[in-house]
Amino acid sequence: MAEAALNPSGALSAFLLIFALLATPLRHVWPQAAVTRWLLRNRRYLGVASFGYALLHTVFYLIDAGSMHQIVVDLPRLDIWTAWLSLLIMVPLAVTSSDAAVRRMGPRWKTLQRWVYGAALLGFLHALSLNNWEDPREPLVFAAPLIALQCWRVFGGRRTRRVS
């Protein structure tokens, strides 16, 4: 049971995180599009749901590993430590995702929430390295829209805004 749920729970976590991260670059590309407005309104919910599925994915991994010894033996592997570090980064992000936390933290909230990019990058490395880098197609297909929009935002979008 745990082994069968391991990949889908991780994939769903990645999918939700990518959707949450698409909101900002889409705001620069299509600011008035309905999908952009929806993502902007719901990105915190998507991020927390992504964390929930990452946590579930971790529980399935722990069950599948079967023993603490196996978990410790696996820890030096790139696909394992990147996953643990990504999850650890996501904990404070999820804990501070309430409206009350946003009010309490003020501008520091946004600074903390930017750590999501590190968590996403580590999750991407986790997915790429799972099968010894043999088949990177699925992680690349998942991340392609985000990679494309972020590249446009950094390279193309900034240039366009300066000219205007």
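The text that follows walks through the structure, step by step, so that each part is easy to find.

Definitions and limits used
- Residues numbered from 1 in each chain as written.
- Predicted model: local features only at pLDDT ≥ 70, side-chain atom pairs only at ≥ 80, totals over all residues.
- Heavy atoms only, no water.
- Helix = DSSP H or I, 4+ residues; strand = E, 2+ residues; numbered from the N terminus.
- Areas by Shrake-Rupley, 256 points an atom, 1.4 Å probe, with all protein chains shown as cover.
- Expected span 1.5 Å × (residues − 1).
- Buried < 20%, exposed > 50% of the residue type's maximum accessible area, 1.4 Å probe, protein only.
- Core = buried A, V, L, I, M, F, W, Y, C linked by side-chain atoms within 4.5 Å.
- Patch = residues over 30% accessible without salt bridge, like charges linked within 9 Å, V, L, I, M, F, W, Y side chains within 5 Å.
- Salt bridge = Lys/Arg side-chain N within 4 Å of Asp/Glu carboxyl O.
- Contact = heavy atoms within 4.5 Å.
- Phe/Tyr/Trp six-rings, centres within 6.5 Å; stacked < 30°, edge-to-face > 60°.

Bringing the overall build of the protein chain into the picture now. Counting its regular elements, the protein chain contains 8 helices and 0 strands. Helices and strands appear in the protein chain in the N-to-C order α-α-α-α-α-α-α-α. Each principal axis of the C-alpha distribution contributes one length, and for the protein chain these read about 60 × 40 × 25 Å. Accessible area of the protein chain: about 10300 Å², with a carbon and sulfur share of 68%.

A few words on helix α7 (residues 116-129). One turn of the α-helix equals 3.6 residues, which is why residues spaced by three or four share an orientation. If you check α7, its first and last C-alpha atoms are 20 Å apart, about what 14 residues at 1.5 Å a residue would give, namely 20 Å. Listing the buried residues of α7 in full gives Val116, Ala119, Leu122, His126, Leu128 and Ser129.

Before going further, it helps to examine the nonpolar core. Core analysis: the biggest nonpolar cluster contains 23 residues, and Leu22 and Leu39 have the highest contact counts within it. Breaking this core down by element, the ones donating at least two residues are α1 (2-29), α2 (34-65), α4 (78-95), α7 and α8 (137-163). Counting residues per element, this core draws most heavily on α1, at 8 residues. Listed in part, the 8 residues of the second largest apolar core include Ala5, Leu6, Tyr61 and Ile71.

Examined against the element boundaries, Ala83 turns out to sit in helix α4. Through-space distance from the C-alpha of Ala83 to that of Gly10 is 9.8 Å; in sequence the pair is 73 residues apart.

Turning our eyes to something else, we now look at a nonpolar patch on the surface. A surface patch of nonpolar side chains, about 490 Å² in accessible area, is lined by Leu12, Phe15, Tyr53, Leu56, Val59 and Ile63. Of all elements in the fold, only α1 and α2 reach the threshold of two or more residues within the nonpolar patch. For the nonpolar patch, the leading source of residues is α2, giving 4 residues. According to the relative accessible area criterion, Tyr53 is partly exposed, its value standing at 33%.

Before going further, it helps to spend a moment on the pattern of salt bridges. For the structure on display, the rule yields 4 salt bridges. Here Arg77 makes a salt bridge to Asp74, at a shortest N to O gap of 3.3 Å. The closest approach of N and O atoms between Arg77 and Asp79, which form a salt bridge, is 2.6 Å. You can call Arg77 partly exposed: its relative accessible area is 40%. Linked by salt bridges that have partners in common, Asp74, Arg77 and Asp79 make up one network.

With that settled, consider the environment of Leu125. Mapped onto the secondary structure, Leu125 falls in helix α7. In contact with Leu125, not counting residues within four places along its chain, are Thr82 and Trp133.

This next bit is on the packing of aromatic side chains. With the rule as written, the count across this model stands at 3 aromatic pairs. On the basis of an interplanar angle of 80° and a centroid distance of 6.2 Å, the ring pair of Phe15 and Phe142 is categorised as edge-to-face. Residue Phe15 is located in helix α1, and its partner Phe142 is located in helix α8; the two are separated by 127 residues in the primary sequence. For Phe15, a relative accessible area of 40% gives the class partly exposed. According to the relative accessible area criterion, Phe142 is partly exposed, its value standing at 28%.

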